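# A structural walkthrough
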Amino acid sequence: MKRRHITRFPRTALKAPKGLMSSGHRPSSVYDIQAFGAVGDRTTMNTEAIQRAVDFVSGKGGGTIYFPSGDYLMGTLRLRDNVTLYLENGCTIWGSTDLDDYDPGHKHLLYAENVRNIALVGRGAIDGQGPRFWDNGRLARWLRGEIDLPRTADMIRFDHCENITMEDIEVRYGAFWNIGFGDCRRITIRALTIINGIYDEDGPNTDGVNLWNCTRIRISDCDIQTGDDCIVVLGDSRDVNITNCKFTTTETALMISGVRNLTFSNSTIHDAGCGIGFRVWNGIVVDGVHIDNIVMDVSEKFNTGGQAIYLWSFPLYVESDSEIPQGEPLPPAGSVDNVTISNITAKANGGIFITGFREREGYIKGLTLDNIRIHMFGGKDKSALNEHPPDPYPIYGFHGAPYAMYFRYVENLVLRNIKFSWNKPERADWGSALRCVCVEDLEIDGFSGRQAKSSEAPAIRLKHVRSAFIRGCRAPAGTGTFLDIGEGAEDVSLMGNDLSRARQAYVVAEGTTPRIFEAGNRL
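Residues numbered from 1 in each chain as written. Predicted model: local features only at pLDDT ≥ 70, side-chain atom pairs only at ≥ 80, totals over all residues. Heavy atoms only, no water.

## Focus: the overall build of the protein chain
Tallying secondary structure elements over the protein chain gives 4 helices and 35 strands in all. Here the C-alpha radius of gyration of the protein chain, 27 Å, is about what a compact globule of 523 residues would show, namely 24 Å. When its C-alpha atoms are laid out on the principal axes, the protein chain stretches across 95 × 50 × 45 Å. Buried positions account for 57% of the 523 residues belonging to the protein chain. A separation threshold of at least 6 residues defines the contact pool for the protein chain, and within that pool the share at least 24 residues apart is 66%. Here the protein chain has roughly 21,500 Å² of accessible surface; of this, 45% comes from carbon and sulfur atoms. (Helix = DSSP H or I, 4+ residues; strand = E, 2+ residues; numbered from the N terminus. Rg over C-alpha atoms; globule rule 2.2 N^0.38 Å. Buried < 20%, exposed > 50% of the residue type's maximum accessible area, 1.4 Å probe, protein only. Contact = heavy atoms within 4.5 Å. Areas by Shrake-Rupley, 256 points an atom, 1.4 Å probe, with all protein chains shown as cover.)

So, in structure tokens, the structure goes:
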């Protein structure tokens with residue numbers, strides 16, 4: 001005979017478990033999820049029981065729902081005002097692999113809309129079982145366009161919410177983005193572990209944390225491993241602070257596509273396709289970004305670009321010229337202003353690639369790089385895009401971006417205390433260490449680097465550069481020509497440089513007549 005289960009709602013709150021009290025969270029009301037009928041056997045579908053608990057606690061004015069050790073299987077759970085989910089050590093919330101168990105309009109495991117004062121805390125885990133959605137050849141069939149997306153949306157999603165806290169828990173194996181925020185305020189993410197597979201067969205688009213039009217964000221002390229970007233900041237986001245984190249990804253560790261006032265500091269990046277990336281197109285504003293004290297080991301482990309820093313700006317989101325509508329004017333470009341990147345140590349397959357838009361209003365403005373150390377591995381063939389980077393450059397071109405450092409369409413560029421070195425054996429086609437094209441008001445202070453051995457390229461090449469001030473630089477042993485003052489260059493000052501080890505201090509391109517001022521150089 002089938003047993004009938006009757007859920008008894010607790011009339012009074014339970015005593016808070018020791019783990020909850022020692023965590024620093026001191027709620028006034030704690031409710032054990034098992035009192036609402038939840039069963040932690042990884043077989044029982046708990047969606048309704050847990051939803052009843054959330055609705056009950058929120059209706060009481062708020063409190064903490066306690067998940068003891070166990071495996072709780074469920075579909076979409078809607079979070080409510082003033083509710084904290086506390087996941088005990090040994091507790092895992094498992095997302096169902098049956099899409100019918102999810103809200104048809106919001107295929108998320110946890111979803112909150114227009115909710116205030118919510119928290120996900122504890123020592124437990126939330127597992128979306130993402131790779132299971134791609135089993136039995138479904139990934140290959142989807143890539144061939146034979147089937148629709150057979151997966152959930154963002155595993156954890158917040159829309160139009162305020163005062164959100166996520167702390168200590170482990171979030172793993174989302175089938176799409178792991179955590180997504182849209183139009184949210186006051187977000188705190190602390191000591192989170194996010195784990196996703198990093199190989200193609202683990203599934204695409206598994207970003208760690210995506211922030212769209214969000215404000216007042218604090219992310220700290222997190223360990224994030226994903227198969228796509230670790231953290232993405234988009235739209236009209238503001239006041240973002242990210243610090244003391246570790247990132248592992250085959251794509252980009254931090255991707256910025258719209259923000260005012262962002263700091264990123266004291267973090268490490270491993271095995272990335274790109275360490276720090278910017279993508280900016282029509283309507284996007286990036287203003288006031290300070291990145292400091294980052295160590296990157298962007299190795300040859302994966303067949304990725306391994307670019308340390310990549311900044312792309314163009315009016316349209318395009319991969320090539322062929323995608324630009326013919327006979328139509330381009331929309332205005334987005335804007336990038338007041339970006340400072342300092343104290344970076346990077347080992348990578350590529351250095352720094354920066355390209356704005358060719359029209360003056362699309363130039364990147366006010367870019368400073370200070371105290372940067374880059375060692376170029378050279379583990380990937382980038383010859384197709386290295387010598388003459390196309391314009392427009394492919395938006396996802398960091399996988400093949402030039403080997404060394406390349407700056408184009410920038411106004412007020414400061415390069416201070418930059419040291420660039422090559423892996424061995426060096427290849428002639430790697431070329432110059434630094435190239436600046438269509439740059440206005442360039443300052444190079446304390447640069448040390450040379451061309452790749454056997455290359456006829458100069459260490460530094462300037463083309464269509466107006467007003468260049470070069471001082472305190474040093475040409476290391478093996479330097480051929482240190483500086484090539486190329487076509488369209490104007491007003492070059494060389495002061496206090498030690499170029500004695502260079503075979504030739506500088507050359508001026510034929511037909512170019514720049515004004516050159518020299519003082520105190522050792523030649």
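## With respect to the environment of Val115
With respect to the secondary-structure elements, Val115 resides in the loop between strand E8 (110-113) and strand E9 (116-122). Exposure remark for Val115: the relative accessible area of 5% places this residue in the buried category. Separated by 209 residues in sequence, Val115 and Ile324 place their C-alpha atoms 41 Å apart. Discounting residues that sit within four places of it in the chain, Val115 has contacts with Leu79, Arg80, Asp81, His160, Cys161 and Glu162.

## Describing a positive patch on the surface
Side chains of Arg373, Lys419, Arg474 and Arg501 sit close together on the surface and give a patch of like positive charge. With respect to the secondary-structure elements, Lys419 resides in strand E29 (residues 405-422). You can call Lys419 partly exposed: its relative accessible area is 43%. (Patch = residues over 30% accessible without salt bridge, like charges linked within 9 Å, V, L, I, M, F, W, Y side chains within 5 Å. Salt bridge = Lys/Arg side-chain N within 4 Å of Asp/Glu carboxyl O. Lys, Arg positive; Asp, Glu negative; His and termini not counted. Charge placed at Lys NZ, Arg CZ, Asp CG, Glu CD.)

## Brief notes about the pattern of salt bridges
All chains considered together, the criterion is met by 30 salt bridges. Across the pair Arg358 and Asp391 runs a salt bridge, and its minimum N-O distance is 3.4 Å. Taken together, the residues span a long stretch of sequence, with Arg358 in the loop between strand E27 (350-355) and strand E28 (364-376) and Asp391 in the loop between helix H4 (383-386) and E29 at a distance of 33 residues. By relative accessible area, which is 32% here, Arg358 ends up partly exposed. The network of salt bridges with shared partners includes Arg360, Glu411, Glu440, Arg466 and Glu490.

## Focus: the packing of aromatic side chains
In the structure shown here, the tally under the stated rule is 21 aromatic pairs. Ring plane angle 40° and centroid distance 4.3 Å describe the contact between Phe353 and Tyr393, whose orientation is recorded as tilted. With a gap of 40 residues between them, Phe353 in strand E27 and Tyr393 in the loop between H4 and E29 connect regions that are remote in the sequence. Owing to a relative accessible area of 0%, Phe353 belongs among the buried residues under this scheme. An aromatic cluster is present here, built from Tyr310, Phe353, Tyr393, Phe398 and Tyr406 joined pairwise through their rings. Seen from the ring of Tyr363, Arg360 lies directly overhead, with NZ or CZ sitting 5.2 Å from the centre. (Phe/Tyr/Trp six-rings, centres within 6.5 Å; stacked < 30°, edge-to-face > 60°. Lys NZ or Arg CZ within 6 Å of the ring centre and 35° of its normal.)

## Description of the state of the cysteines
Summed over the entire model, instances satisfying the criterion amount to 0 disulfides. Cys214 takes part in no disulfide bond, and the closest cysteine sulfur to it belongs to Cys184, at a distance of 4.8 Å. By relative accessible area, Cys214 is classed as buried at 0%. A disulfide-free cysteine, Cys436 has its sulfur positioned 11 Å from the sulfur of Cys438, the nearest such atom. We classify Cys436 as buried; its relative accessible area is 0%. (Disulfide = S-S within 2.5 Å.)

## Quick notes on the nonpolar core
In terms of nonpolar packing, the biggest core is built from 127 residues, with Phe158, Met166, Phe181, Leu369 and Phe407 touching the most fellow members. Residue contributions to this core peak at 8 residues, all from E29. For Met166, the contacting residues outside a window of four places in its chain are Leu120, Ile156, Phe158, Val171, Ile179, Phe181, Thr188, Ile189, Arg190 and Leu192. (Core = buried A, V, L, I, M, F, W, Y, C linked by side-chain atoms within 4.5 Å.)

## Here's the deal with the pairing of strand E3 (residues 63-67)
Of all 5 residues that make up E3, 5 are buried, and the element is covered over most of its length. Alignment of strand E1 (residues 30-32) against E3, held across 3 bridges, turns out to be parallel. Along E3, the bridge assignment pairs Tyr31 with Ile65. The pairing of E3 with strand E6 (residues 83-87) spans 5 bridges and is parallel. Residue Tyr66 lies in a different strand from E6, and its bridge partner there is Tyr86. (Pairing = 2+ DSSP bridges.)

## A look at unusual backbone geometry
Here Asp391 and Pro392 are connected by a cis peptide whose omega angle stands at 10°. The residue Pro392 is located in the loop between H4 and E29 in this model. For the bond running from Lys424 to Pro425, omega is -5°, close enough to zero to count as cis. Unusually for a residue other than glycine, Asn114 sits at a positive phi of about 55°. As for its position among the elements, Asn114 is in the loop between E8 and E9.

## Describing the pairing of strand E18 (residues 215-220)
Pairing of strand E15 (residues 185-190) with E18 involves 5 bridges; the strand directions are parallel. Bridge assignment links Ile187 to a residue of E18, and that residue is Ile217. Two elements, E18 and strand E20 (residues 231-243), share 5 bridges in a ladder whose sense is parallel. What sits directly across from Ile217, in E20, is Val240.

Take it as geometry only, folks, not as evidence of what the structure does.
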